[in-house]
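Working through the structure, step by step
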Amino acid sequence: RSYPPPKPFTKKNPEIPTLADYSIIPDSDFWETWPSCDLPQFPFTPVDAEKFRSYADGKSPREASRINKVADNLLYGADTCVRGVGLTRTTSTNAPSCIEAGERTCDAIASMMKLGFISGPFENDPFMDQGGSKVSALMSVNKPDGSIRPCMNLSSPKGVSYNDGVDESLVFPARMCSAKMFSQVLWSAGSGCTLIKKDQKNAYKYVPIKTDQYFLQVFSWLGKFFVETSVSYTHLRAHETSLHLVCRLLLE
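Only a predicted model underlies this, so the values are computations on that prediction, with no experimental measurement involved. (Residues numbered from 1 in each chain as written. Predicted model: local features only at pLDDT ≥ 70, side-chain atom pairs only at ≥ 80, totals over all residues. Heavy atoms only, no water.)

Right, let's talk about the environment of C37 for a bit. Mapped onto the elements of the fold, C37 is located in the segment before α1 (49–54). Considering only alpha carbons, one finds C37 and A110, 73 residues apart in sequence, at a separation of 9.9 Å. Setting aside residues no more than four positions away along its own chain, C37 makes contact with M113, G116, I118, S119, G120 and F122. (Helix = DSSP H or I, 4+ residues; strand = E, 2+ residues; numbered from the N terminus. Contact = heavy atoms within 4.5 Å.)

So this is what it looks like as C-alpha cells:
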C-alpha cells in the first residue's frame, strides 16, 4: 500500500529561530521569542464544563452519569490512573526522531503552548521540591501536513514507566472498531448510504489531568523542562469515555 508524500512543512511559529543542530543545547537568546506558559493552578480546558454538564439533561440515567463524570474530569482534572512503580521519578533520553525533526518539534511544542496544553519552558525541574519529575522521552510522529506530533514515550524505562504503573482496574475498557464491525454496519445501511467522517483537532487535549499529577507528564527539550497538562496522546485508554463524549459535544 502506498501513501501520498507529506506536504511541504510550513512553520506555524516563524518567530522561533531555526538551529543548525538540535542535538546541542542552544544559547539563552534562542528562547527570547518563545511563548511562556506557567503551570495552571486549576485544570485548564477550552470546553465550557458547566455547559457540558447541562448536556446531560434529558438523557437516560446511564448516559447522564457518564456525561457528569466527564464534566468532573473537565472541571477537576482526569486521573492518569498511574500508581505504584509508575510514580517512580525517572529520566529518559529523547528519541532521535524528534532531534532529526528538530525545527518541526520546536514548532509543534510552541503551538501547543499557545493553546495552553503545555507549560514551560522551565530552566529547572518545576517539581524538584516535590521529589522531582518523571521525565519521559520525547518522540515525533510525522503528520500528512508535513508537521510532526510530539509524543512522550510513556513505556520507558521498562519496568518503572508511566504505563507500567497504570492500574488496569481503573482503566475504561475501550474497544476499537474492526474492519469486520465496520463492514457489518455498512452492509446493514444498505446501498446508497452516505459515509461521513468528522475529526476534532486536538480532541484529547481538551481533557486536563489532575494538577497533583502534573509531575508525571514532564519532558525535556533543548535543556529546558516542559509539562504536558492534558491527557497524553500515548495514554488515552483511561479517558476513552471523556474523549468520546467531548468530541460528540464539540461536533454537535
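Attention now goes to the pattern of salt bridges. Pairing of side chains with opposite charge becomes possible as their charged atoms draw close. Scanning the entire structure with this criterion turns up nine salt bridges. The partner of R53 in a salt bridge is E50, and the shortest N-O contact between them spans 3.8 Å. Linking R53 with E50, this pair stays in helix α1, spanning three residues, or about one helical turn. According to the relative accessible area criterion, R53 is partly exposed, its value standing at 24%. Overall, E50 belongs to the partly exposed group, its relative accessible area being 49%. (Salt bridge = Lys/Arg side-chain N within 4 Å of Asp/Glu carboxyl O. Buried < 20%, exposed > 50% of the residue type's maximum accessible area, 1.4 Å probe, protein only.)

Bringing the side chain of S147 into the picture now. When you line up the elements, S147 lands in the loop between β2 (135–142) and β3 (148–153). You can call S147 buried: its relative accessible area is 7%. Apart from the residues within four sequence positions on either side, S147 is in contact with F9, K12, R104, V141 and N142.

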